[in-house]
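Residues per chain are reported as follows:
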Amino acid sequence: MSTTCSGCPSRPERGRGIWPIAALHNWLNVARMRSGFVATLSMILALALGRPAASVAQAALALPVPPSPTVMRPLPLPVVPPAWSEAIDPLTIDDEDFARHRDPHEWTGLSVRRLIFSDGEINWTVWRIVNEQRRDGPLWVLPHDNENATFDAVLVALHSYGGIAMAIDDRAGRMNYDATSGASVDPNRHFYDAIPLYAGRILADLGDPPRLIIALHTNTPGFDPSLSLCPIAGLGGGGDISIRLCTARYIPHPSLTHPWPFDDDDTVALVPYAVDGDWRTGFCARQLSTAGFNLITERVATSDGSLSNYALFHGLQYINFETRERGSDAVGLANARARLVAMIDRMMTLCGDQQLLALRPVAADKGRR
Ligand SMILES: [Zn+2]
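Not measured: the values here are computed from a predicted model. (Residues numbered from 1 in each chain as written. Predicted model: local features only at pLDDT ≥ 70, side-chain atom pairs only at ≥ 80, totals over all residues. Heavy atoms only, no water.)

Draft legend 1. View of the nonpolar core. Among the nonpolar cores identified, the biggest contains 43 residues, and Ile129, Trp140, Ile214, Ile319, Phe321 and Met347 are the most heavily contacted of them. Residues contacting isoleucine 129, with those up to four places away along its chain left out, are Trp107, Leu110, Ser111, Val112, Phe151, Leu155, Leu158, Gly163, Ile164 and Ala165. By size, the runner-up hydrophobic cluster in this structure holds 28 residues, among which are Leu115, Ile164, Val185 and Ala199. (Core = buried A, V, L, I, M, F, W, Y, C linked by side-chain atoms within 4.5 Å. Buried < 20%, exposed > 50% of the residue type's maximum accessible area, 1.4 Å probe, protein only. Contact = heavy atoms within 4.5 Å.)

Dropping the structure here:
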């Protein structure tokens, strides 16, 4: 998630100049919500301020709730011509994701088209999967083609909640390699207003009012301790998303009891919020935290080109579900899929469109775990 997009144009920065105060407020709010976190936070602040940890913790607990965030006028979404596309047969198409799903029952009511387009510099191929009976569900976005459990999970989710899925095809790779230009781009670091043909086509089905965007990912186990402001002895790894990681951007709100699927530090929900705002304004953030999710709130000052940041600056409802990458054998895929689906189900119960929930087929509950 932290891969730098070299060559991506920069965006104008928002909220600059207030970072230290906003950051302090933010950290203290996290501390208030998570008593276990207070000790760690207090030690960090005590070191920084030269005060005893206990008095810093007390000051943290006594701070008032921050004011409501500044209401920003969302940036307009690009209007772009439709991409060239063709209908494909999911039962015969030559692709590793579809090859795992040749049972016709999995495709009942779903249609699939392959979109091929250029954003002006780079060529893209995207699978667009539509629940034809219930188009009015979420917009599901799968940026990384090597994260196979996300594809398996979205087929379950499309039957449960309807909507439209956009899955980027990179021949089973993470990066989008363009043979013509020789460029290699992370599909989740390419959402910039300066590249309207990319964001515009991935989000073309948002509608008015815009539907909820749900992104799905798997991630590398653990995290690089050098990235963390709160390193924990004995914990580490190679990833950059974990409920044990805290940075200026990623603020963890760990589950207190770690029930399945949150017995895994890499299984998290992530929602963005503005740098000068309150994390509780993130989509469903308060409800998820109360419900015992591993929740990461992403505090965004400037866009890193990810869809979460793009959604924030364009006033779109967005949530990202991540789980640990467990490989592509049947057991690993089933494990990761079940965790993603469980988070989706719980979130939809808490914050989803109640009409969609009422229409949910009973059959969708079968074979989840
Ligand atoms: Zn990913």
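Draft legend 2. Looking closely at the coordination of the zinc ion. Only His144 (ND1), Glu147 (OE), Glu147 (OE) and His217 (ND1) from the protein coordinate the zinc ion, and they sit 2.0 to 2.3 Å from it. Here the zinc ion is ringed by four donor atoms whose angles at the metal span 57 to 146 degrees, and the overall shape comes out irregular. One chain supplies every donor for the zinc ion, spaced along it as H-x2-E-x69-H. Of the two residues, histidine 144 is situated in the loop between β4 (139-142) and α5 (148-161) and histidine 217 in strand β8 (residues 213-219); the sequence distance between them amounts to 73 residues. You'll find histidine 144 and histidine 217 in the same group, each marked buried. (Donors = N, O, S within 2.8 Å, 3.2 Å for Na, K, Ca; no water. Tetrahedral: all angles 85-135°; square planar, octahedral: opposite > 155°, others 65-115°. Helix = DSSP H or I, 4+ residues; strand = E, 2+ residues; numbered from the N terminus.)

Draft legend 3. Main features of the pattern of salt bridges. In this structure the tally under the stated criterion is 16 salt bridges. For arginine 100, the salt bridge is made with aspartate 97, and the minimal N-O distance between the two is 3.0 Å. For arginine 100, a relative accessible area of 26% corresponds to the partly exposed category. (Salt bridge = Lys/Arg side-chain N within 4 Å of Asp/Glu carboxyl O.)

Draft legend 4. Local environment of unusual backbone geometry. The residue after aspartate 208, namely proline 209, is reached through a cis peptide bond having omega 0 degrees. Mapping proline 209 onto the fold places it in the loop between α6 (196-202) and β8. Of the consecutive residues tryptophan 260 and proline 261, the connecting peptide bond is found in the cis state with omega at 10 degrees. Mapped onto the secondary structure, proline 261 falls in the loop between β9 (250-253) and β10 (268-274). The phi dihedral of arginine 171 is positive, around 50 degrees, even though this residue is not glycine. Even without glycine at this site, histidine 258 takes up a positive phi of about 55 degrees.

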